[in-house]
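Fold and geometry: a report
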Amino acid sequence: MSSDGKEAHNIDGVAIDFINDGDDERGNAADRADMYRMGKVQEMKRNFRFLTIFGFSMILMASWEFSLSVATIGLINGGTAGLIWMFFICWMGFLLVNTTMAEMASMAPTSGGQYHWVSEFAPPQHQKFISYLMGWMCVLGWQTSCASSAFIAGTQIQGLVVLNYPEYVPKLWHGTLLTVAVAAFSVSFNTVLARKLPLIEALILVIHVFAFFGILVTLWILSPTADARAVFTEFSDGGGWGSLGGSTLVGVLAGILPLLGADAAVHMSEELRDASRTLPRSMILTTIFNGALGWIMVITFAFCIGDLEEVITSPTGYPFMQVFYNTTKSASSATAMSVFVVAMSLFSNLTMVATASRQLFAFARDHAVPFSPWFSSIRAGWDVPFNAILTTFLISTLLSLINIGSAVALNSITSLATTSLLSSYIVSTGCMIWRRWTKSPLLRSKFSLGQWGLLINIASEAFLIIIFVLAFMPGNPNPTPSQMNWNIVIYGGVSLFSLAYYFIRGAQRYEGPVAYVRRL
């Protein structure tokens, strides 16, 4: 530290002074040093702090709420025991994965996230090509996540209508309109109220925690409970796989979906103060707390199900609403409980729109997508990638229209989010394994796995590869066209499109983030 209040950093052999003003909305000295090293210009204000980015991540994952929303997957393939133990395995697995990503985030805290890490950490001869593909996987993963979460929130609102008005006959286009409304709500918050987003996230975090205890205590007190031995040890093969183990593995999606997306905080890192220190803490603590809340809720829900067939075939479309109704014997009480789950799904979509737009902004900033200057522009006075946010809304709207013709087709498209994000995790983790295995130098960071790094990286990779394969499985071994998981076809098509665009145009314009990095 110099006598005039400046902090000096030596980059490329040149002493660079950063004014050490801790209250600067452009970040502290460490943030400016990171941005300078990565060759990026600070264009957005760093309004997030630890509590607000922690709230952002907790709300985006919303593990206990989403565990209720997707419980049907695990109940059919695995039963209550399968649902409980696969969630726990996924929790432990994602704790390893997110710890690995937390170290990379501390080394390179950028909105680009995985594709930036691949560009810096992959073998030099493959950096450009692999990072380009991973950039597309991240953009597509987060864009389809927005559509998926908006669809879940919209159809949950539709389920509440069914719960209160049994004579109402839900139509597919009703769900589409509600999905568009949710997407529009998220866009308004991410533009007009963008500067209030950190405060909003902190307030919603309080609701997230208190609603958990409110619903949990209600179920514990009012709901008749099943036998503990049956809940924890009896697996089922509702999908008809002919194997309890195989069926339970297929039901692993019920554990993956509520725990996916801890990298969201990374894509907000250029709006986070002291990002290299704060990101790892936020990512790891989010996984610990959300995983714990989710597992407790899954166990409680498994004890309170009662008639499984009645719950799965609920006219609301969501088993948790039927369980709430059976527990309270009142539509109004069940609605009061369900409203919190629906509200958290809605606010989760809000955070996903923020994440997806920043990911698209970062990839466009590196000249990787068509119309890159338009997507990467920051309008004066807005401090957000306005064009990228509007594009995210447009994509969610267009995808929701598919639901009018086929809900199955929409589910297959949105399931692309899972495999796309898992792909980016697998490749970026693989790059860290390569660097440690070959003893290549790693960037200095404020959070390091040290001597345990290689072991944690390998364990993370093994877990990711297994669940990546399982994510392509259909719900039963002999699916009809309407039951088929078309994710593999869509994933393959998107990969081919990315390859074609790369060779036609991308290779000429895209250099990769590593081309702009200033070596320390």
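Our subject is the structure listed above.
Worth saying up front: this structure is predicted, and the values here are computed from it rather than measured. Per-chain numbering applies: the sequence of each chain, read as written, is numbered from 1 onward. Whole-chain, interface and lining totals are the exception, using all residues; otherwise, since this is a predicted model, local features are given only for residues with pLDDT of at least 70 and side-chain atom pairs are given and counted only at 80 or more. Computation of side-chain values: all heavy atoms of the structure, hydrogens and water removed.

Some thoughts on the side chain of S67
Tracing the chain through its elements places S67 in helix α3 (residues 63-69). Relative accessible area decides the class of each residue, using a 1.4 Å probe on protein chains only: under 20% of the type maximum gives buried, over 50% gives exposed, and in between gives partly exposed. For S67, a relative accessible area of 4% puts it in the buried group. Ignoring anything within four residues of it in the chain, the contact list for S67 reads F87, P258, G294, M297 and V298. A run of H or I in DSSP becomes a helix once it reaches four residues, and a run of E becomes a strand once it reaches two; helices and strands are each numbered from the N terminus. In what follows, residue pairs with any heavy atoms lying within 4.5 Å of each other are defined as contacts.

A closer look at the state of the cysteines
Only a pair of cysteine sulfur atoms within 2.5 Å qualifies as a disulfide here. Per the counting criterion, the structure on display carries zero disulfides. Between C138, a cysteine without a disulfide, and C431, which holds the nearest cysteine sulfur, the sulfur-to-sulfur distance is 12 Å. You can call C138 buried: its relative accessible area is 0%.

Here we look at a nonpolar patch on the surface
Exposure above 30% relative accessible area and the absence of a salt bridge qualify a residue for a patch, where like charges join within 9 Å and nonpolar side chains (Val, Leu, Ile, Met, Phe, Trp, Tyr) within 5 Å. Areas reported as accessible are Shrake-Rupley estimates using a 1.4 Å probe. Residue values count occlusion only from the protein chains shown. Any Lys or Arg side-chain nitrogen found within 4 Å of a carboxyl oxygen on Asp or Glu counts as a salt bridge. On the surface, W173, L177, L394, L398, L401 and I404 cluster together to form a nonpolar patch covering roughly 600 Å² of accessible area. Ranked by the residues each element gives to the nonpolar patch, the list is headed by helix α19 (residues 386-405), at four residues. Take L177: it is sitting in helix α8 (residues 172-191). A relative accessible area of 52% places L177 in the exposed class.

What about the side chain of R37?
Here R37 is to be found in helix α1 (residues 29-38). In the analysis that follows, any N or O atom pair within 3.5 Å is treated as a polar contact, provided that within protein one partner can donate a hydrogen and the other can accept it, and provided that, for residues neighboring in sequence, both atoms belong to side chains. There is a polar contact of 2.9 Å between the side chain of R37 and the side chain of E120.

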